[in-house]
Amino acid sequence: MTAADIETVLADIAAEMAARPDRGEVATYIPQLAKVDVDQFGIAVAMNDGQLIASGDADIPFSIQSVSKVFTLTLALGKIGDTLWKRVGREPSGNPFNSIVQLEHEHGIPRNPFINAGAVVVTDVVLAGHEPREAIGEILRFIQFLADDETIYIDREVAASEQATGYRNVALANYMRSFGNITHAPELSLGVYYHHCAIAMSCRQLALAGRFLAHGGRHPATGHSVVSAERARRICALMLTCGHYDGSGDFAFRVGIPGKSGVGGGILGVVPGEASVAVWSPGLNSSGNSQLGSIALEKLAKAMNWSIFAA
Ligand code: GLU
């Protein structure tokens, strides 16, 4: 497909999404997110050949929330390598993102790095040897580097809003601390976690930040190896199996590419060897994934014939 063809595909999808009445519900459990206008939709595709194509509200920053967990996982693996897997599993949870029941059965070892408990362990790893402020800075700078964009910022109001109301995450972190699987005071690891979840990015910036996964672990602008090709594949495998909470199977079935969603309504999708894709629409479906974002990715994958299962 030519760039003009892809532009047409994205513009058609954005126009169709703008007109749809079934937009889902914005997350309300983080008060700042409840204020976001549900009528927005953006999409951006960073092709491996360097083209960046976007449509809709692709330049409006949104709260990336759990999409940030892809980047903190990458950093934590860079720090301690595969020993991370002693503290976090690699299985889909089949439970909501903030479930505490499973954690009790599994003795404080969260199922995977993308549910909240697993992500807090990952953040605890990134925090080791740093002050919280330094760890937050390291995560933000890493994302800015991946996206080649120093304007990406943390929305402090969103972080404060979640910090003030995150009782469930406090429970998860304290519970894991009791098993020794959180090594800092829980409020410190959680403070860093809330701040990386509160990073604000546009679809364009997020698609750029995801390029290294579509490029076998390399940062395309500098050629710098962010992770090995094997690690990039494994991060993508986790995105496919665990990236959409207990809607991960349905997303793999409908879309067929690795993806990570967040309760801000963003989804980062990776088509290895082809492209990195970001969509955003703040209304969520019953599994907590962007309602229109999931539909749009399904349409895009079909139009582009993108699937990791394609023969
Ligand atoms: N910061 C959010 C929380 O901990 C992230 C949830 C999400 O995007 O899945 O509840």
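Source: prediction; values computed, not measured. (Residues numbered from 1 in each chain as written. Predicted model: local features only at pLDDT ≥ 70, side-chain atom pairs only at ≥ 80, totals over all residues. Heavy atoms only, no water.)

## A few points about the environment of Tyr167
Part 1: Its location among the elements puts Tyr167 in helix H7 (residues 167-178).
Part 2: C-alpha separation for the pair Tyr167 and Ala54, spaced 113 residues apart in sequence, amounts to 37 Å.
Part 3: A polar contact is formed between the side chain of Tyr167 and the backbone oxygen of Ala164, at a distance of 3.4 Å. (Helix = DSSP H or I, 4+ residues; strand = E, 2+ residues; numbered from the N terminus. Polar contact = N/O pair within 3.5 Å; in protein donor to acceptor, adjacent residues only side chain to side chain.)

## Quick word on the packing of aromatic side chains
Part 1: According to the stated counting rule, one finds three aromatic pairs in the structure shown.
Part 2: Here the aromatic rings of Phe62 and Trp280 are separated by 5.1 Å at their centres, their planes lie at 5°, and the arrangement is stacked. With Phe62 in strand E3 (residues 62-63) and Trp280 in strand E8 (residues 275-280), this residue pair connects regions lying 218 residues apart in the sequence.
Part 3: Taking relative accessible area as the criterion, Phe62 reaches 3% and is therefore assigned buried.
Part 4: Classification of Trp280 by relative accessible area gives buried; the value is 2%.
Part 5: Geometry around Tyr245 places Lys260 over its ring, the cationic atom sitting 4.6 Å from the centre. (Phe/Tyr/Trp six-rings, centres within 6.5 Å; stacked < 30°, edge-to-face > 60°. Buried < 20%, exposed > 50% of the residue type's maximum accessible area, 1.4 Å probe, protein only. Lys NZ or Arg CZ within 6 Å of the ring centre and 35° of its normal.)

## A word on the sheet that holds strand E5 (residues 199-201)
Part 1: Read across the sheet, three strands follow the order E3-E5-E4 without closing on themselves; strand pairing throughout is antiparallel. Two strands bound the open sheet, and with one partner strand each, they are E3 and strand E4 (153-154).
Part 2: Note that E3 and E5 share two bridges and pair antiparallel. What sits directly across from Phe62, in E5, is Met201. (Pairing = 2+ DSSP bridges.)

## Section: the sheet that holds strand E6 (residues 259-261)
Sheets are built from strands paired through backbone hydrogen bonds, the pairs being either parallel or antiparallel.
Part 1: Strand order in the open sheet made by the five strands is E2-E1-E8-E7-E6, with antiparallel pairing throughout. The open sheet has two free edges, formed respectively by strand E2 (52-56) and E6, since each of these has just one partner strand. On average, each strand axis in the sheet is tilted by 10° relative to the strand beside it, whichever way the strands run.
Part 2: The pairing of strand E1 (residues 42-47) with E2 spans five bridges and is classified as antiparallel. Along E2, the bridge assignment pairs Val45 with Ile53.
Part 3: Of the strands in this sheet, E1 and E2 are in contact with helix H1 (residues 3-19), which crosses E2 at around 25°.
Part 4: The strands touched by helix H13 (residues 291-304) within the sheet are E1, strand E7 (266-271) and E8, with E8 carrying the most contacts at an inclination of about 145°. (Axes fitted to C-alpha atoms, helices over the stretch in contact; angles between N-to-C directions. Contact = heavy atoms within 4.5 Å.)

## A short note on the packing of helix H4 (residues 116-127) against H7
Part 1: For the pair H4 and H7, interaxial distance at closest approach is 10 Å and the crossing angle is 60°. Relative to H7, the element H4 is oriented oblique. In this structure, the crossing between H4 and H7 has a hand that is right-handed. Where H4 abuts H7, its residues Asn116, Ala117, Val120 and Val121 lie against Asn169, Leu172, Ala173 and Met176.
Part 2: Of the residues belonging to the contact of H4 with H7, the class tally is six nonpolar, two polar and no charged. (Parallel < 35°, antiparallel > 145°, perpendicular 65-115°, else oblique. Left-handed = near helix turned anticlockwise from the far one by under 90°. Nonpolar A, V, L, I, M, F, W, Y, C, P; charged D, E, K, R; others polar.)

## Describing the site of the ligand
Part 1: For the ligand, the set of nearby residues contains twelve residues, the closest of which are Tyr29, Gln65, Ser66, Tyr193 and Tyr245.
Part 2: Within the side chain of Tyr29, one N or O atom sits 2.5 Å away from an oxygen atom of the ligand.
Part 3: Between a nitrogen atom of the ligand and a side-chain N or O atom of Gln65, the distance comes to 2.6 Å. (Near = heavy atom within 4 Å.)

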